[in-house]
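Below, each chain spelled out in residue letters.
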Amino acid sequence: MVRRYSAEGRILGGRLVTEPSAAAFERAFTEAFDGPDVAFVHVRAVEYGCFLYEVRRP
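Everything numeric in this text was worked out from a predicted model, so none of it was measured. (Residues numbered from 1 in each chain as written. Predicted model: local features only at pLDDT ≥ 70, side-chain atom pairs only at ≥ 80, totals over all residues. Heavy atoms only, no water.)

Novice: Can you tell me about the pattern of salt bridges, naming the residues and giving the values?
Specialist: A side chain of one charge can pair with a side chain of the opposite charge if their charged atoms are brought near each other. Considering all chains together, one arrives at 4 salt bridges under this definition. With a shortest N-O distance of 3.1 Å, Arg 27 and Glu 19 are connected by a salt bridge. Classification of Arg 27 as partly exposed rests on a relative accessible area of 43%. Across the pair Arg 56 and Glu 54 runs a salt bridge whose closest N-O atoms are separated by 2.8 Å. (Salt bridge = Lys/Arg side-chain N within 4 Å of Asp/Glu carboxyl O. Buried < 20%, exposed > 50% of the residue type's maximum accessible area, 1.4 Å probe, protein only.)

See the structure below:
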């Protein structure tokens, strides 16, 4: 799961990444950062929603 956040920490949406590949995550990050209000995204485990890591706007 790639979840989008504003600079204030509000959830702006998310996307379930079903293909386990670097290319699929790259597409998800590119799509997430197309939104001008997105400051960072969290990558989370689907089953329990556990936080894995954060990616900041490039």
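Having seen the model, we can carry on.
Novice: A description of the side chain of Ser 6 should follow, citing residues and the corresponding values.
Specialist: Structurally, Ser 6 can be placed in the loop between β1 (2-5) and β2 (11-15). Apart from the residues lying within four places of it in its own chain, the contact partners of Ser 6 are Leu 12, Asp 37, Ala 39 and Phe 40. (Helix = DSSP H or I, 4+ residues; strand = E, 2+ residues; numbered from the N terminus. Contact = heavy atoms within 4.5 Å.)

Novice: Account for the environment of Arg 10, with residues named and values stated.
Specialist: Position of Arg 10 relative to the elements: it lies in the loop between β1 and β2. Taking the C-alpha atoms as reference points, Arg 10 and Arg 44, 34 residues apart in sequence, are found 16 Å from one another. Other than its neighbours up to four places away in sequence, Arg 10 contacts Arg 4 and Tyr 5.

Novice: A description of the packing of aromatic side chains should follow, citing residues and the corresponding values.
Specialist: Going through the model one piece at a time under the given rule, you end up with 2 aromatic pairs. Ring geometry for Tyr 5 and Phe 40: centres 5.1 Å apart, planes at 10°, overall stacked. Of this pair, Tyr 5 sits in strand β1 while Phe 40 is found in strand β3 (residues 40-44), placing the two residues 35 residues apart along the sequence. Residue classification places Phe 40 among the buried positions, given a relative accessible area of 8%. When the ring of Phe 25 is compared with that of Phe 29, the centres are 6.2 Å apart and the planes differ by 45°; the resulting orientation is tilted. Of this pair, Phe 25 and Phe 29 are both found in helix α1 (residues 22-33), 4 residues apart, which corresponds to roughly one turn of the helix. Overall, the relative accessible area of 24% leaves Phe 25 in the partly exposed class. (Phe/Tyr/Trp six-rings, centres within 6.5 Å; stacked < 30°, edge-to-face > 60°.)

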